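Descriptive structure summary
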Amino acid sequence: MYTISSTPDSVCKELAKRHKALRKQLKLTQAELADRAGVSLGSLKRFETTGQISLESLLKLANLLNRLSDFDTIFTPREDKKELERLFSTKH
């Protein structure tokens, strides 16, 4: 099925792509970054190739890259609660 909107898989892959580009821009090898962040090299390699990583490891990488604050707005309540209520209503 083709869709224009984001999916969890597409978001994971896009995050991995941006992370890899940032790592390369900083001229860090996977091993250097993994070691400095306290993440296993295998986890970092898997993330950069598939987009799969634990939340804790992702946060460790973000922290090392001074990007932890990028997560500050995730799951913050929105002003318009009607849309959220519609998602969970039983009358679709």
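None of the values given here were measured: they were computed from a predicted structure.

Looking now at the nonpolar core. Of all hydrophobic cores here, the largest spans 11 residues; its members are Ala 16, Leu 28, Leu 33, Ala 34, Ala 37, Val 39, Leu 44, Phe 47, Leu 58, Leu 61 and Leu 65. Once residues within four sequence positions are removed from consideration, Ala 34 is found in contact with Val 39, Ser 40, Leu 41 and Leu 44.

The next subject is the pattern of salt bridges. Evaluated as defined, the whole model comprises 5 salt bridges. Here Asp 9 and Lys 13 are joined by a salt bridge, their closest N and O atoms 3.1 Å apart. Note that Asp 9 and Lys 13 are positioned in helix α1 (residues 8-25) at a spacing of 4 residues, about one turn of the helix. Under the relative-accessibility criterion, Lys 13 is labelled partly exposed at 45%. The closest approach of N and O atoms between Arg 18 and Glu 14, which form a salt bridge, is 3.5 Å. Within this pair, Arg 18 and its partner Glu 14 are both found in helix α1, separated by 4 residues, close to a single helical turn. You can call Arg 18 partly exposed: its relative accessible area is 49%. The class for Glu 14 is partly exposed, based on a relative accessible area of 32%.

About the thresholds
Residues numbered from 1 in each chain as written. Predicted model: local features only at pLDDT ≥ 70, side-chain atom pairs only at ≥ 80, totals over all residues. Heavy atoms only, no water. Core = buried A, V, L, I, M, F, W, Y, C linked by side-chain atoms within 4.5 Å. Buried < 20%, exposed > 50% of the residue type's maximum accessible area, 1.4 Å probe, protein only. Contact = heavy atoms within 4.5 Å. Salt bridge = Lys/Arg side-chain N within 4 Å of Asp/Glu carboxyl O. Helix = DSSP H or I, 4+ residues; strand = E, 2+ residues; numbered from the N terminus.

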